[in-house]
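Fold and geometry: a report
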Amino acid sequence: MSTAWLESLVETVPAYLRRIQVADQPGRYLSCERGSTPVGREMALGFSCFALKLEWMLNRWESVPERERWVEFIQSFQDEEGAFIDPPQIEYLRTHRPWRERAAALLGRKPATDFTHSVMLAETKQAITTLAEVGVTTRRPFRKYPCTPESVLAWLKAKDWSRPWGAGGQSAGLIVFLKTQSPAFLAPRDVEELLNVCRDFYSGLADPVTGAYFKGKTPAHGEMVNGAMKVLMALDWLDVEPRYADRLVSTCLKQVPTADGCHLIDAIYVIHQCLRGEPSAETRRFCMSVLEMIKLHAHADGGFSFSLRKAQTHYYGVQISKGLDESDIQGTCLLVWALAMIWKILDPAGAPWRTLKP
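Everything numeric in this text was worked out from a predicted model, so none of it was measured. (Residues numbered from 1 in each chain as written. Predicted model: local features only at pLDDT ≥ 70, side-chain atom pairs only at ≥ 80, totals over all residues. Heavy atoms only, no water.)

**Some details on the overall build of the protein**
Quick reminder of the rule: Counting from the N terminus, the helices are the DSSP runs of H or I reaching at least four residues and the strands are the DSSP runs of E reaching at least two. Our radius of gyration looks at C-alpha atoms and nothing else; its globule reference is 2.2 Å times the residue count to the power 0.38. Relative accessibility decides the category of a residue: with a 1.4 Å probe and only protein chains considered, values under 20% of the type maximum give buried, values over 50% give exposed, and everything between is partly exposed. Note on contacts: a residue pair is in contact if any heavy atoms of the two residues lie within 4.5 Å. Reported accessibility uses the Shrake-Rupley method at a 1.4 Å probe radius. Residues are deemed covered only where the shown protein chains occlude them. As used throughout, the charge tally considers Lys and Arg to be positive and Asp and Glu to be negative, leaving His and the chain termini uncounted. Working definition for charges: the position is that of NZ of Lys, CZ of Arg, CG of Asp or CD of Glu.
Secondary structure assignment for the protein yields 15 helices and two strands. For 358 residues, the compact-globule estimate of 2.2 N^0.38 gives 21 Å, and the C-alpha radius of gyration of the protein, at 20 Å, lies within 12% of that figure. Overall, the C-alpha framework of the protein stretches about 50 × 50 × 40 Å when taken along its three principal axes. Each of the 358 residues in the protein was classed as buried or not, and the buried ones make up 54%. Partitioning the contacts of the protein with sequence separation of at least 6, the portion at a separation of at least 24 is 70%. If you sum the accessible surface of the protein, you get close to 16000 Å²; carbon and sulfur atoms cover 51% of it. The average position of the 42 basic charges and that of the 41 acidic charges among the side chains of the protein differ by 4 Å.

**Quick word on unusual backbone geometry**
Positive phi outside glycine occurs at Arg-309, with the angle close to 55°. For Arg-309, the location among the structural elements is in the loop between helix H14 (281–295) and strand S1 (314–315). What makes Arg-309 partly exposed here is its relative accessible area of 39%. Located in the positive-phi region is Tyr-316, a residue other than glycine, with phi close to 50°.

**Focus on the pattern of salt bridges**
We count it as follows: What makes a salt bridge here is a side-chain nitrogen of Lys or Arg within 4 Å of a carboxyl oxygen of Asp or Glu, nothing more.
All told, the structure shown has 13 salt bridges when counted by the stated rule. Across the pair Arg-354 and Glu-62 runs a salt bridge whose closest N-O atoms are separated by 3.0 Å. Linking Arg-354 in the segment after helix H15 (329–346) with Glu-62 in the loop between helix H3 (45–57) and helix H4 (67–75), this pair joins segments that are 292 residues apart in sequence. Judged by relative accessible area, Arg-354 falls into the partly exposed class, the value being 21%.

**What to know about the side chain of Thr-124**
Along the chain, Thr-124 turns up in helix H7 (residues 115–133). The contacts of Thr-124, once residues within four sequence positions are left out, are Gly-82, Ala-83, Phe-84, Phe-142 and Phe-177.

**Examining the confidence of the model for the protein**
Selection rule: pLDDT measures the predictor's confidence residue by residue and takes values from 0 up to 100.
Looking at the protein, the pLDDT average stands at 94 and 95% of residues meet or exceed 70. This stretch, residues 103–107, has a pLDDT under 50; its non-local contacts, to residues over four places away or in other chains, come to four contacts.

Have a look at this one:
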């Protein structure tokens with residue numbers, strides 16, 4: 001594998017970060033350089049996390065001169081209850097609620113789902129894992145999640161595991177909270193009991209045919225692989241090996257992912273987490289195919305776009321950009337992560353970049 005292009009990213013990606021960095025505000029970045037919407041320019045938490053992860057993956061974090069102020073910037077978004085809140089994002093969501101939520105409010109009913117709350121949980125999880133990546137804990141623990149064996153099991157069972165992509169993502173957030181936040185207010189044996197509940201639950205979800213994690217009939221390939229990726233994220237935090245790792249790799253290799261950023265990343269993550277020993281010729285071809293697809297997302301500005309030739313327009317329901325033909329911070333972070341994993345798969349001894357624990 002030629003590594004010249006990958007090695008060039010150590011210069012071009014940081015150059016892109018400098019282009020979207022907000023002057024005199026360490027840790028603050030725009031989602032993209034030219035096409036940000038007004039609310040996209042006001043938001044900051046998620047974009048700061050993506051930029052920090054990039055510096056970490058490229059082995060540049062220790063040389064960042066104002067990294068302490070950057071950490072403090074991310075920590076400043078934590079409220080008194082331990083949640084991480086980006087006020088412009090939450091305000092936008094509250095004034096642009098989905099029509100089902102608005103209808104329920106007009107009728108005096110509680111909506112079936114609270115999307116704003118779901119976004120808060122996702123952003124809190126991302127901030128916690130970003131800080132943990134650089135060895136920093138939160139200023140105060142987040143507690144708003146199930147914390148007893150009975151409630152944890154009931155919460156996991158209540159998810160729609162016939163659609164493992166969504167269920168897996170939600171459950172991965174719970175595992176991060178249990179692993180990183182619960183030790184601040186629960187005894188070690190109680191934390192371990194909660195984690196064991198999760199371990200047993202995931203073990204029961206594993207399909208012996210495909211190696212994926214779901215209930216009911218076998219999902220479509222993309223749903224199955226993306227759902228498995230979310231569960232493997234949780235298993236990483238649980239220190240558990242995938243139950244049918246070889247079968248899951250075989251399932252993943254049956255179909256090259258579509259060109260959208262999330263599909264590329266999820267497929268590579270599954271292989272990265274499941275592969276044991278030398279990659280097969282088929283695995284190498286698959287990874288090289290994905291690498292070539294990722295190259296199509298690269299831009300002259302030094303970064304990558306999540307979609308082909310189009311900056312990410314929405315972030316958790318908020319329109320953050322006009323979707324111009326330019327890079328975006330989320331696409332750059334996630335696709336560099338995919339490249340770091342490909343490098344580790346194909347050349348584990350020579351790969352110089354770090355991978356993430358999402």
